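Take a look at the letters that make up each chain.
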Amino acid sequence: MCSEMCAAKLQRADQISESFREPFIFSGYRSCHSSVSSCILSAFSWNNETFNFWTHFITFLYFSWIFTQYLWHELRFDVDPFTYPLQVFIASICLCMLVSSTAHLFNCISERIHHICFFFDYSAISIYGLATCLMYNVYIFPQSLMNSAYHELYFPISVVISLLCTFLACAARLVKWKMLRISAFSTQYLFCSFPLLYRCVFCEDHDCDHPGAIQFHVYQFILCTVTVLVYGSRFPEVVAPGKFDIVGHSHQFFHIFSSLANYCQLRGNILDMQHRRDYLLSELPMPTLFNTAGVVVGVLMLNLIIIGIFSSFIWENMDSRKAKQKTGILTILWQSGNNNILKEE
Ligand SMILES: [Zn+2]
């Protein structure tokens, strides 16, 4: 009964405000003024956000489970500081998946909430990127780059890139320039991945001693490339507009491929952490809570400030737009009132 009720409320692209429309998606939209309860109910009925929500919410549940139930005991998370970068990485994936699924569920409450939901989404992605750099900084660096000037600067630069990514992704939403957002996140990904790519390509010294880890890293690179191509090209809806409105549009594949890439990334890093442990600890100091979770939480706080600035801009902008619309309506009413008086005279 709920699905019938909710399906009846679905709207076409021409019935909703422009900022809610997705290119090549013609139907299946929820109302732009949904209540919180109808948003929650919409997760259990067919609309064009149903799969976007579930693909990341199930991934969130999965990673939360392996973090707290499986790896916690298996890898001695409670007593081994060497696992801190890995723990921060898994926590960042959980955060990213939870924020993304929440954004997809509640973005139809109002136009303001729509934008703010995705500001949080972009921030969570840039935090995930930072946590990836943190983990790579400790577990995956090739021997020839270990403790080089590049290695020394790698993590500090990744902090700056993460903050820039959040800023540019939010700004890209305001100016409706999707390529700016794609470029910002691609730059972060390429910067983070360079040492791993270098190691996988050149396999110097003992860098490829554990082929299982290299295999997962290569899978991760392939899946991430597919993810970016799907996201950027909007395939398959670009070749058959309106045919993939509910199931099968590019954003759903983007979620699925990125989740699989996260899984391969995790497996590859766990293998490196275990098999390169003695070598890494002979070259690097033991990680601390402060230089792992502490830094990421600090950047998260700065990200919240960036979100706050963009959200207040959106709030004020829409207030002034509404005021202008009201003034316009009053002017029309006033002019039509004057015309009537003149006619009566
Ligand atoms: Zn998404």
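Cut-offs applied
- Sequence order as written defines residue numbering, which begins from 1 separately in each chain.
- Local features in this predicted model are restricted to residues whose pLDDT is 70 or higher, and side-chain atom pairs enter the listing and the counts only when it is 80 or higher, whereas totals over whole chains, interfaces and linings include all residues.
- The helix count covers DSSP runs of H or I at least four residues long, the strand count covers runs of E at least two residues long, and both are numbered beginning at the N terminus.
- The exposure scheme places C-beta atoms from the backbone and then counts, for each residue, the other C-beta atoms within 10 Å of its own, assigning buried at 20 or more, exposed at 12 or fewer, and partly exposed in between.
- Residues are scored as being in contact if the C-beta atoms we place from backbone atoms lie within 7 Å.
- Helices are assigned an expected span. That span is 1.5 Å times one less than the residue count.
- UniProt positions are given in the numbering used here, feature names are shortened, and annotations may be inferred rather than shown by experiment.
- Between N-to-C directions, angles span 0 to 180 degrees; the directions come from axes that are lines fitted to C-alpha atoms, helices contributing only their stretch in contact.
- Every angle not falling under 35 degrees, over 145, or within 65 to 115 is termed oblique; those three ranges are roughly parallel, roughly antiparallel and roughly perpendicular.
- Crossings are classed by handedness, with left-handed meaning an anticlockwise turn of the near helix from the far one by less than a right angle and right-handed meaning a clockwise turn.
- A score from 0 to 100, pLDDT tells how confident the predictor is in each residue.
- Note on definitions: a nonpolar core is a set of buried residues drawn from Ala, Val, Leu, Ile, Met, Phe, Trp, Tyr and Cys, linked by C-beta atoms within 7 Å.
- Note on residue classes: Ala, Val, Leu, Ile, Met, Phe, Trp, Tyr, Cys and Pro are nonpolar, Asp, Glu, Lys and Arg are charged, and everything else, Gly too, is polar.

- Labelled according to an unreviewed UniProt entry, the chain appears under the name Membrane progestin receptor gamma-B-like, originating from Acanthaster planci.

### Notes on the overall build of the chain
Okay, so step 1: Check the secondary structure of the chain and you find eleven helices and zero strands.
Okay, so step 2: Here the chain holds 345 residues, and the buried ones make up 37% of them.
Okay, so step 3: Intrachain contacts of the chain at a sequence separation of at least 6 include 74% that bridge at least 24 residues.

### What about helix 7 (residues 178–202)?
Okay, so step 1: Over its 25 residues, helix 7 extends 34 Å from the first C-alpha to the last, a length consistent with the 36 Å expected when each residue adds 1.5 Å.
Okay, so step 2: Every buried residue belonging to helix 7 is among R181, A184, F185, Q188, C192, S193, P195, L196, R199 and C200, and all of these are buried.
Okay, so step 3: The elements touched by buried residues of helix 7 are helix 5 (111–139), helix 6 (149–174) and helix 8 (211–233).

### Things to note about the UniProt feature "binding site: Zn(2+)" (unreviewed entry) in the chain
Okay, so step 1: Per the UniProt record, "binding site: Zn(2+)" (unreviewed entry) is annotated on H104, H251 and H255. These annotated residues cover 152 residues of sequence, but their C-alpha atoms sit close together, with the largest distance between any two at 11.5 Å.
Okay, so step 2: Relative to the helices and strands, H251 resides in helix 9 (residues 250–275).
Okay, so step 3: Along the polypeptide, H255 turns up in helix 9.
Okay, so step 4: Since 26 C-beta atoms lie within 10 Å of it, H255 is described here as buried.
Okay, so step 5: Once residues within four sequence positions are removed from consideration, H255 is found in contact with N52, T55 and H56.

### Focus: the packing of helix 5 against helix 6
Okay, so step 1: Following both chains from N to C, one finds helix 5 and helix 6 inclined at 165 degrees, their axes separated by 9 Å at the closest point. When the interaxial angle is binned, helix 5 and helix 6 end up roughly antiparallel. Like other packed secondary-structure pairs, helix 5 and helix 6 cross with a definite hand, here right-handed. Across from H115, F118, F119, Y122, S123, S126, I127, G129, L130, C133, L134 and N137 in helix 5, the residues of helix 6 making contact are Y154, F155, S158, V159, S162, C165, T166, A169, C170 and R173.

### Concerning the environment of S19
Okay, so step 1: With respect to the helices, strands and loops of the structure, S19 is situated in the loop between helix 1 (2–8) and helix 2 (36–42).
Okay, so step 2: Remark: the alpha-carbon pair of S19 and R173, spanning 154 residues in sequence, is separated by 9.7 Å.

### So, the confidence of the model for the chain
Okay, so step 1: Within the chain, residue pLDDT values average 89, and 90% of them lie at 70 or more.
Okay, so step 2: Taken together, the stretch residues 1–8 has pLDDT below 50 and engages in ten contacts with residues farther than four places along the chain or on a different chain.
Okay, so step 3: Within the model, pLDDT remains below 50 along residues 341–345, and this stretch shows zero contacts once partners closer than five positions in the same chain are excluded.

### Overview of helix 6
Okay, so step 1: Here helix 6 spans 37 Å end to end across 26 residues, near enough to the 38 Å set by a 1.5 Å rise per residue.
Okay, so step 2: Of all the residues in helix 6, the buried ones are Y154, S158, S162, C165, T166, F167, L168, A169, C170 and R173.
Okay, so step 3: Immediately beyond the C-terminal end of helix 6, within one or two residues, lies K176, with a positive phi of roughly 55 degrees.

### Topic: the UniProt feature "transmembrane region" (unreviewed entry) in the chain
Okay, so step 1: The positions UniProt marks with the feature "transmembrane region" (unreviewed entry) are residues 51–72, 84–106, 118–141, 153–175, 216–233 and 289–315.
Okay, so step 2: Secondary structure across residues 118–141 comprises 92% helix and 0% strand; the distance between its end C-alpha atoms is 33 Å.

### A look at the nonpolar core
Okay, so step 1: With 50 residues, the main nonpolar core has I93, C96, A124, I127, A131 and M135 as its most contacted residues.
Okay, so step 2: Contributions of two or more residues to this core are made by helix 3 (50–74), helix 4 (84–106), helix 5, helix 6, helix 7, helix 9 and helix 11 (290–344).
Okay, so step 3: When sequence neighbours within four positions are dropped, the list of residues in contact with C96 reads A124, I125 and Y128.

### What about the packing of helix 8 against helix 9?
Okay, so step 1: At a closest axis distance of 8 Å, the pairing of helix 8 and helix 9 adopts a crossing angle of 160 degrees. One finds that helix 8 runs roughly antiparallel with respect to helix 9. Like other packed secondary-structure pairs, helix 8 and helix 9 cross with a definite hand, here left-handed.
Okay, so step 2: Its residues placed into classes, the contact of helix 8 with helix 9 shows 15 nonpolar, nine polar and two charged.

### Brief notes about unusual backbone geometry
Okay, so step 1: P236 follows F235 through a cis peptide bond whose omega is 15 degrees.
Okay, so step 2: Within the fold, P236 resides in the loop between helix 8 and helix 9.
Okay, so step 3: Positive phi values are uncommon outside glycine, yet K176 reaches one of about 55 degrees.
Okay, so step 4: Relative to the elements of secondary structure, K176 occurs in the loop between helix 6 and helix 7.
Okay, so step 5: A count of 9 C-beta atoms within 10 Å places K176 in the exposed class.

### So, the environment of F216
Okay, so step 1: Topologically, F216 is positioned in helix 8.
Okay, so step 2: Using a count of 20 C-beta atoms within 10 Å as the deciding quantity, one classes F216 as buried.
Okay, so step 3: Along the primary structure F216 and C264 are separated by 48 residues, whereas in three dimensions their C-alpha atoms are 5.1 Å apart.
Okay, so step 4: Setting aside residues no more than four positions away along its own chain, F216 makes contact with C264, R267, G268 and L271.

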